[in-house]
Amino acid sequence: MVIIPKFRGQYLNNWLSFSYKLHILHRYETHFGHPNKSYLIYSKKMHMNDIIKKTSEFVKESLKGNDASHDFAHIQRVHALAENIANQECCSSDELELVSLASLLHDIADWKYSGSETAGVEAAQSFLQTLKYPQDNIDRICWIIQRVSFHDEIGRTPDEVEMMKKDKLLCIVQDADRCDAIGAIGIARCFTYGGKKG
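Note that the structure is a prediction, hence the values are computed from the model and not measured.

Caption draft 1: How the structure looks around the packing of helix 4 (residues 93–105) against helix 7 (residues 135–145). Packing of helix 4 against helix 7 brings their axes to within 9 Å, and their N-to-C directions diverge by 50°. Relative to helix 7, the element helix 4 lies oblique. Two packed elements cross with a definite hand, and for helix 4 against helix 7 that hand is right-handed. Taken together, the residues of helix 7 that come into contact with helix 4 (itself represented by Glu97, Leu98, Leu101, Ala102 and Leu105) are Asn137, Arg140, Ile141, Ile144 and Ile145. Taken together, the residues that form the contact of helix 4 with helix 7 break down as seven nonpolar, one polar and two charged.

Written out as structure tokens, the structure is:
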């Protein structure tokens with residue numbers, strides 16, 4: 001009798017899938033020269049992928065009622081571009097993790113729809129806490145998403161704006177978001193939002 005082993009609590013559908021995972025694990029082990037270290041790195045990557053997936057599902061559900069100017073397709077474009085910029089900027093894996101989550105969460109409960117300046121940050125914090133995500137990382141992500149929009153810069157002192165310009169992770173998410181506000185897509189989003197608001 002052949003027993004199919006478990007991987008992250010789920011029975012594998014076939015041996016090919018399991019063999020692929022062993023192959024990846026072996027590559028980490030060969031590269032780092034220590035099986036325990038390679039396992040921890042692989043486990044962390046799998047855990048992070050799970051967090052990204054759950055966050056994407058949460059954001060998609062949260063934005064269901066939004067018009068096309070701030071829908072999930074916008075989030076997907078910003079998320080993809082933010083990760084691309086982060087890689088170009090040689091961000092570490094920890095920095096890339098923060099950029100990825102901040103770009104996914106930057107528009108939930110947006111003030112233009114919720115009427116609240118703090119609802120987005122509160123929703124992001126509450127959701128990430130349900131995932132048992134580290135609080136210091138949650139604080140960092142919330143700091144970023146609170147400052148992404150043009151709207152947030154209104155009323156800030158020149159010193160505060162200058163400090164924001166020096167924060168690499170904030171600038172990455174901001175640039176990705178603002179690139180989606182220019183060109184043909186940006187014009188279409190403006191008309192869509194204008195039509196929604198009348």
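Caption draft 2: Up close: the environment of Phe72. Tracing the backbone through its elements, the reader meets Phe72 in helix 3 (residues 72–88). Once the C-alpha coordinates of Phe72 and Leu104 are considered, the two residues, 32 residues apart in sequence, prove to be 9.0 Å apart. In contact with Phe72, not counting residues within four places along its chain, are Ser56, Val59, Lys60 and Leu63.

Caption draft 3: Up close: the pattern of salt bridges. Going through the model one piece at a time under the given rule, you end up with six salt bridges. Salt-bridge contacts for Asp50 lead to Lys54; the nearest nitrogen and oxygen are separated by 3.3 Å. Here Asp50 pairs with Lys54, and both are found in helix 2 (residues 35–62), just four residues apart, close to one helical turn.

Caption draft 4: Just the nonpolar core, in detail. By size, the foremost hydrophobic cluster in this structure holds 37 residues, and its most contacted members are Val59, Leu105, Leu128, Tyr133 and Ile141. Secondary-structure elements contributing two or more residues to this core are helix 2, helix 3, helix 4, helix 6 (119–130), helix 7 and helix 10 (168–179).

Conventions used here
Residues numbered from 1 in each chain as written. Predicted model: local features only at pLDDT ≥ 70, side-chain atom pairs only at ≥ 80, totals over all residues. Heavy atoms only, no water. Axes fitted to C-alpha atoms, helices over the stretch in contact; angles between N-to-C directions. Helix = DSSP H or I, 4+ residues; strand = E, 2+ residues; numbered from the N terminus. Parallel < 35°, antiparallel > 145°, perpendicular 65-115°, else oblique. Left-handed = near helix turned anticlockwise from the far one by under 90°. Contact = heavy atoms within 4.5 Å. Nonpolar A, V, L, I, M, F, W, Y, C, P; charged D, E, K, R; others polar. Salt bridge = Lys/Arg side-chain N within 4 Å of Asp/Glu carboxyl O. Core = buried A, V, L, I, M, F, W, Y, C linked by side-chain atoms within 4.5 Å. Buried < 20%, exposed > 50% of the residue type's maximum accessible area, 1.4 Å probe, protein only.

Such coordinate-based values are descriptive only and should not be taken to indicate function.
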